[in-house]
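# Descriptive structure summary
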Amino acid sequence: MTSILTIDGVTKRYASFMLEKVSLTLPPGAIMGLIGPNGAGKSTLFKAILNLVRIDTGSITVFGLDHRRHEQAIKRRVGFVSEEIPFYDSLTVAELSRFVSSYYPTWDDALFAALQKRFALSAHKKVGDLSKGNRMKLSLCLALAHRPELLLLDEPTAGLDAVARRELLEEMLDVIQEEDRSVLFSSHITADVERVADYVTLIHQGRVCYTGLRDDLQGSWRRILISGDFPPEARPHLVHVEPRFGGYAGVTGDMDALRRSWPGGIPAGVALEAISLEEILIALAKQSSEQGA
Ligand SMILES: Nc1ncnc2c1ncn2[C@@H]1O[C@H](COP(=O)(O)OP(=O)(O)OP(=O)(O)O)[C@@H](O)[C@H]1O
């Protein structure tokens, strides 16, 4: 199998929002961050993968299987964590785990116990009494304990403070690496994605602006700092041009095109800087809005 998850040209239309021809491929063993601002369509995409919402066009295959025809078989092999998952608040952690385990033939009691210990979740505590962070941790334990081949994590760090976020991410990364799982996880916190993901998909207003290796994306973007002004020929290849330190700064995602367009080549003395995923996301979102306008 060359891909664990393939989304091909998926469109889903709501009254005031549309996922538009979304395509991405998650290779086996990869961690992909799905990044986008609020309302970009991340949760809708997760729901589409799990056939919780019906897509209008396109196709989704998980483990090489069509997501509609093989919905139940796929769900048994997938772990899903989302803020929206309803819990039975009156059950204890132990009772809930017994309930969930009955659904999965591959459920591993010893693994659940180990994860529960690792995340310091008391078996006797009522789910309704858990803090938000501990509910997320429980959700992750439940998702991992049936040894899923694919983990779908929709904003696993949402609403957590910085300490709890880092703790959860690090635990998540440890567990994932130990078990060599494939993961798609969404966040609007780019620093979280930068920390753990080897692949990224950037989504803005329902459209994918980039999908691929994070290193390739970050390797192709640079900030250019110039003491004078940019030549007009170079401007089409620059985003976010603004005055800076008596000169100008702009960012580009296409250094080759910028070099070709610059009369006489980029002069010595022009500074090139690497930029963060967050800045790339902002620049791509701007480009995507301009193209969609
Ligand atoms: N059932 C629905 N009916 C109509 N519109 C919907 C429905 N579900 C989601 N939407 C709209 O689709 C858009 C995308 O929502 P979605 O929850 O997928 O975004 P998101 O990227 O997950 O956002 P966030 O980061 O805020 O969770 C939003 O404008 C939302 O209002």
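The shown structure was predicted, so the numbers you read here are calculated from the model rather than taken from an experiment.

Scoring rules and cut-offs
Residues numbered from 1 in each chain as written. Predicted model: local features only at pLDDT ≥ 70, side-chain atom pairs only at ≥ 80, totals over all residues. Core = buried A, V, L, I, M, F, W, Y, C linked by C-beta atoms within 7 Å. Buried ≥ 20, exposed ≤ 12 C-beta atoms within 10 Å, placed from the backbone. Helix = DSSP H or I, 4+ residues; strand = E, 2+ residues; numbered from the N terminus. Domains from an automatic or database assignment. Contact = placed C-beta atoms within 7 Å. Near = placed C-beta within 6 Å. Nonpolar A, V, L, I, M, F, W, Y, C, P; charged D, E, K, R; others polar. Pairing = 2+ DSSP bridges. Axes fitted to C-alpha atoms, helices over the stretch in contact; angles between N-to-C directions.

This part takes up the nonpolar core. Ranked by internal contacts, the top residues of the largest apolar core, which has 70 residues, are Met 32, Leu 152, Val 200 and Leu 202. Looking at this core, the element that brings in the most residues is helix H5 (residues 132-144), giving seven residues. Two domains each provide a minimum of three residues to this core, namely domain 1 (5-215) and domain 2 (217-292). Those residues in contact with Leu 202 that sit more than four places away from it in its chain are Ile 35, Gly 36, Val 208, Cys 209, Tyr 210, Leu 281 and Leu 284.

Right, let's talk about the site of the ligand for a bit. Surveying the vicinity of the ligand reveals the residues Tyr 14, Ala 15, Phe 17, Gly 36, Asn 38, Gly 39, Ala 40, Gly 41, Lys 42, Ser 43, Thr 44 and His 188. Top element by residues in the shell around the ligand is helix H1 (residues 42-49). It accounts for three residues. For the shell around the ligand, the class distribution of residues is four nonpolar, seven polar and one charged.

Next up on the list: the sheet that holds strand S7 (residues 150-154). Pairing is mixed in the open sheet, where six strands are placed in the order S6-S7-S8-S3-S9-S10. Where the open sheet ends on each side, the last strands, each with one partner, are strand S6 (78-82) and strand S10 (207-213). Averaged over all adjacent pairs, the angle separating strand axes in this sheet is 10°, with direction ignored. As paired strands, strand S3 (residues 31-35) and strand S9 (residues 199-204) are joined by four bridges and run parallel to one another. Opposite Met 32, over in S9, you have Tyr 199 as the bridge partner. On top of the sheet, H1 reaches S3, S6, S7, strand S8 (182-187) and S9; it is set at about 145° to S7, its chief contact.

This next bit is on the environment of Thr 252. Relative to the assigned elements, Thr 252 resides in strand S13 (residues 247-252). A count of 22 C-beta atoms within 10 Å places Thr 252 in the buried class. The spacing of Thr 252 and Val 241 is eleven residues in sequence and 9.7 Å in space, taken between C-alpha atoms.

Once that is clear, we can look at the environment of Arg 260. With respect to the helices and strands, Arg 260 occurs in helix H9 (residues 255-261). Arg 260 gets classed as exposed once you count the C-beta atoms within 10 Å, which come to 12. Separated by 174 residues in the primary sequence, Arg 260 and Pro 86 have C-alpha atoms spaced 55 Å apart.

Assigned domains within the chain: domain 1 (5-215) and domain 2 (217-292). Distance between the C-alpha centres of domain 1 and domain 2: 35 Å. Counting from both sides, the interface comprises 15 residues of domain 1 and, opposite them, eleven residues of domain 2. Of all the elements in the fold, those that place two or more residues in the side of domain 1 that touches domain 2 are helix H7 (190-196), S9, S10 and helix H8 (214-220). Residue contributions to the side of domain 1 that touches domain 2 peak at five residues, all from S10.

A separate point is unusual backbone geometry. Here Lys 21, not a glycine, exhibits a phi torsion of approximately 45°, which is positive. Looking at the secondary structure, you find Lys 21 in strand S2 (residues 17-26). Residues other than glycine seldom take positive phi values, yet His 240 does so here, at roughly 55°. On the secondary structure map, His 240 appears in strand S12 (residues 239-244).

The subject of this paragraph is the sheet that holds S13. Pairing is antiparallel across the open sheet formed by four strands, whose spatial order is S12-S13-S11-S14. Every other strand in the sheet has two partners, leaving S12 and strand S14 (271-274) as the edge strands with one partner each. Between one strand and the next, the sheet's axes are offset by a mean angle of 20°, whatever the strand orientation. Taken together, the five bridges between strand S11 (residues 222-226) and S13 define a ladder with antiparallel strand orientation. The partner of Arg 222 across the bridge, within S13, is Thr 252.

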